[in-house]
Amino acid sequence: MKFSASSADLLDALNTVKGAVPSKSTLPILECILFEQSDDGSALLLSATDLEISIVRRVPVQFASNGTSTPTRIAVPAKRLIDTLRALPDLPISFTADGDFEIQLETDQGHYKMVGHDGDDFPDLPEVDAAHTLSAEGALVRDAIDKTSFAVSKDALRPAMMGIYFQLDAENSRIVATDGHRLVKLDRPALQTDGDDVSFIVPEKATKLVSRILDDDALCTIGVSDGHVSFTIDEARIIARLIDETYPNYNAVIPDENDRQLVVNREALLSAVKRVGLYSSSMTNQIRLALSESEMTVSAEDIERSSEAEEVIRCEYDSEAMEIGFNSEYLTEVLGNVDSEEVLFRLSSPNRAGIVVPNNTDDPDILMLIMPVMLNTYA
């Protein structure tokens, strides 16, 4: 194999696929990126996998007509190659691999040599025979991922909650994530399947890789088979093994009797929570919201460090005075993922989940739930 390309273009493509390269693996070849020529001979295909997530990226390059005919597939050490290209300026580079899998990189400044592996030993990537497909603008898909991924669970004992749950049908689609402390439910009518209803759970790592490479104006095509999902964006394709678990009944935990309404400026509350949260206990991150008709007192204390903080902000509250506690980090993430100028809290009691929604029509199809933390003033 012999080809020439721009070092910047090659590095950009490698940065796309490196997300699927494990940092350490019992199979050394997984720490490599597979180089192979496309079937039509017009492009280089780069592939990487950790056996759960695979990424393929197509790169237009100039193959040498008199280059080496073998090997047609070679596994190249990912870290060394990427680090080399990062250290180079943008210039033409020549890549050559011989039958002994020795790799030569040539530029007008020097040459670099490394040893690869037989590409035939690289694991076969899964084929996604998509029974369900849909296409949507990249901005829509990325927005759905970004607004839900923060609530994905990190608890390996609850594997179903370690991914984003997609419920897709021909009329509406819903994207959900929860870790038991927070829940996000997005309704996105623009995400419609081409046929029967389908639901699946995509691992968090895969969704973050998709979000990272999506451009707002790119078209994202999602294909779903029995065990895998694929996201095709321009010249890249991400394939992920689905989480084979039953997602919890999230509707059952969304309260419908929360009759206390609190309206507050989102940015004012977010800034206050960030500042006051610095003085909360490092163990609980607990802050206290004391609600009255026209103002809210946000406070926190850390007894071990003899520190405390308090701020008062304006609000509109339609019920009797109440104090409720939240984890400051959780509340910060919830508020940070609402786009409206004002947010509406629907509350019930200090020990019941609160609902957070926009207080206008900027994004009427988003609902967030956040669990309170116990205050020591509870009766």
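An account of the accompanying structure is given in this report. (Residues numbered from 1 in each chain as written. Predicted model: local features only at pLDDT ≥ 70, side-chain atom pairs only at ≥ 80, totals over all residues. Heavy atoms only, no water.)

### A word on the nonpolar core
- If you look at the biggest cluster of nonpolar residues, it comprises 99 residues, and the most contacted ones within it are I33, F35, L46, F95, M296 and F345.
- Contact partners of F345, with chain neighbours within four places excluded, come to R260, Q261, L262, V264, L269, L331, L335, I355 and V356.
- Core analysis: the next-biggest nonpolar cluster, separate from the first, contains 16 residues, I201, Y247, L344 and L369 among them. (Core = buried A, V, L, I, M, F, W, Y, C linked by side-chain atoms within 4.5 Å. Buried < 20%, exposed > 50% of the residue type's maximum accessible area, 1.4 Å probe, protein only. Contact = heavy atoms within 4.5 Å.)

### Quick word on the environment of R305
- Along the chain, R305 falls in the loop between β21 (295–302) and β22 (307–314).
- Given a relative accessible area of 60%, R305 falls into the exposed group.
- In sequence terms R305 and I238 are 67 residues apart; their C-alpha atoms lie 47 Å from each other. (Helix = DSSP H or I, 4+ residues; strand = E, 2+ residues; numbered from the N terminus.)

### Digging into the sheet that holds strand β9 (residues 111–115)
- The strand order across the open sheet formed by 5 strands is β5-β1-β7-β8-β9, and the pairing between neighbours is antiparallel. Every interior strand has two partners, whereas the edge strands, β5 (62–63) and β9, have only one.
- Bridge analysis of strand β8 (residues 102–106) against β9 gives 5 bridges, and the strand direction is antiparallel. Of the residues in β9, the one forming a bridge with I103 is M114.
- The sheet contacts of helix α2 (residues 78–87) involve β7 (92–97), β8 and β9, and relative to β9 the element is tilted by about 170°. (Pairing = 2+ DSSP bridges. Axes fitted to C-alpha atoms, helices over the stretch in contact; angles between N-to-C directions.)

### Observations regarding α2
- Buried within α2 are the following residues: A78, L81, I82, T84 and L85. One side of α2 holds all its buried residues, which, seen down the axis, span an arc of 160°. For α2, the exposed residues lying more than 90 degrees away from the buried face are K79, R80 and A87.
- Residues of α2 that are buried sit in contact with α1 (7–17), β2 (32–37), β6 (73–77), β7, β8 and β9. (Arc of directions from axis to C-beta.)

### Quick notes on the packing of helix α5 (residues 266–277) against helix α6 (residues 328–336)
- Their axes nearest at 10 Å, the elements α5 and α6 cross at an angle of 155°. Regarding the angle of α5 to α6, the classification is roughly antiparallel. Note that α5 runs across α6; the crossing there is left-handed. Across the interface between the two elements, R266, L269, L270, V273, K274 and G277 of α5 pack against S328, L331, T332, L335 and G336 of α6.
- The residue inventory of the contact of α5 with α6, partitioned by class, reads 5 nonpolar, 4 polar and 2 charged. (Parallel < 35°, antiparallel > 145°, perpendicular 65-115°, else oblique. Left-handed = near helix turned anticlockwise from the far one by under 90°. Nonpolar A, V, L, I, M, F, W, Y, C, P; charged D, E, K, R; others polar.)

### Description of a negative patch on the surface
- Where like charges cluster on the molecular surface, the negative patch consists of D124, E127, D129 and D226.
- Relative to the helices and strands, D129 resides in the loop between β10 (117–118) and β11 (132–137).
- Judged by relative accessible area, D129 falls into the exposed class, the value being 67%. (Patch = residues over 30% accessible without salt bridge, like charges linked within 9 Å, V, L, I, M, F, W, Y side chains within 5 Å. Areas by Shrake-Rupley, 256 points an atom, 1.4 Å probe, with all protein chains shown as cover. Salt bridge = Lys/Arg side-chain N within 4 Å of Asp/Glu carboxyl O. Lys, Arg positive; Asp, Glu negative; His and termini not counted. Charge placed at Lys NZ, Arg CZ, Asp CG, Glu CD.)

### With respect to the pairing of β22
- Two strands pair when backbone bridges link them, and β21 and β22 are joined in this way by 8 bridges, in the antiparallel orientation. Its bridge partner being in β22, V298 is matched across the sheet by E311.
- Between the antiparallel neighbours β21 and β22 lie 4 residues, among them S306 with a positive phi of about 50°.

### Some remarks on the packing of aromatic side chains
- One pass over the full model with this rule turns up 7 aromatic pairs.
- Residues Y165 and Y250 carry aromatic rings whose centres are separated by 6.4 Å and whose planes lie at 65° to one another, so their mutual orientation is edge-to-face. Residue Y165 is found in strand β12 (residues 163–168), and its partner Y250 is found in the loop between β18 (236–241) and β19 (260–265); the two are separated by 85 residues along the sequence. For the residue pair Y165 and Y250, the accessibility class agrees, reading buried in each case.
- Consider the rings of F166 and F200, whose centres lie 5.2 Å apart with planes at 10°: the pair is stacked. Residue F166 is found in strand β12, and its partner F200 is found in strand β15 (residues 198–203); the two are separated by 34 residues along the sequence. The pair F166 / F200 is uniform in exposure class, with both members buried. (Phe/Tyr/Trp six-rings, centres within 6.5 Å; stacked < 30°, edge-to-face > 60°.)

### Comments concerning the sheet that holds β22
- Spatial strand order, β22-β21-β20-β24: 4 strands in an open sheet with antiparallel pairing. Two strands lie at the open edges of the sheet, namely β22 and β24 (322–327), each paired on one side alone. Sheet twist, expressed as the mean angle between neighbouring strand axes with direction ignored, is 20°.
- Bridge analysis of strand β20 (residues 286–291) against β21 gives 4 bridges, and the strand direction is antiparallel.

### Regarding α5
- With 12 residues, α5 extends 16 Å between its outermost C-alpha atoms, agreeing within 8% with the 16 Å of an ideal straight helix rising 1.5 Å per residue.
- Every buried residue of α5 is listed here: R266, L269, L270, A272, V273, V276 and G277. Down the axis, α5 shows its buried residues gathered within 165° of arc, on one side only.
- The inward-facing, buried residues of α5 abut β19, β20, β21, β22, α6 and β25 (342–347).
- By the N-cap criterion, in which a side-chain oxygen at the helix start approaches the backbone nitrogen of a residue two or three places on, α5 is capped by N265, the distance to E267 being 3.1 Å. (Expected span 1.5 Å × (residues − 1). Polar contact = N/O pair within 3.5 Å; in protein donor to acceptor, adjacent residues only side chain to side chain.)

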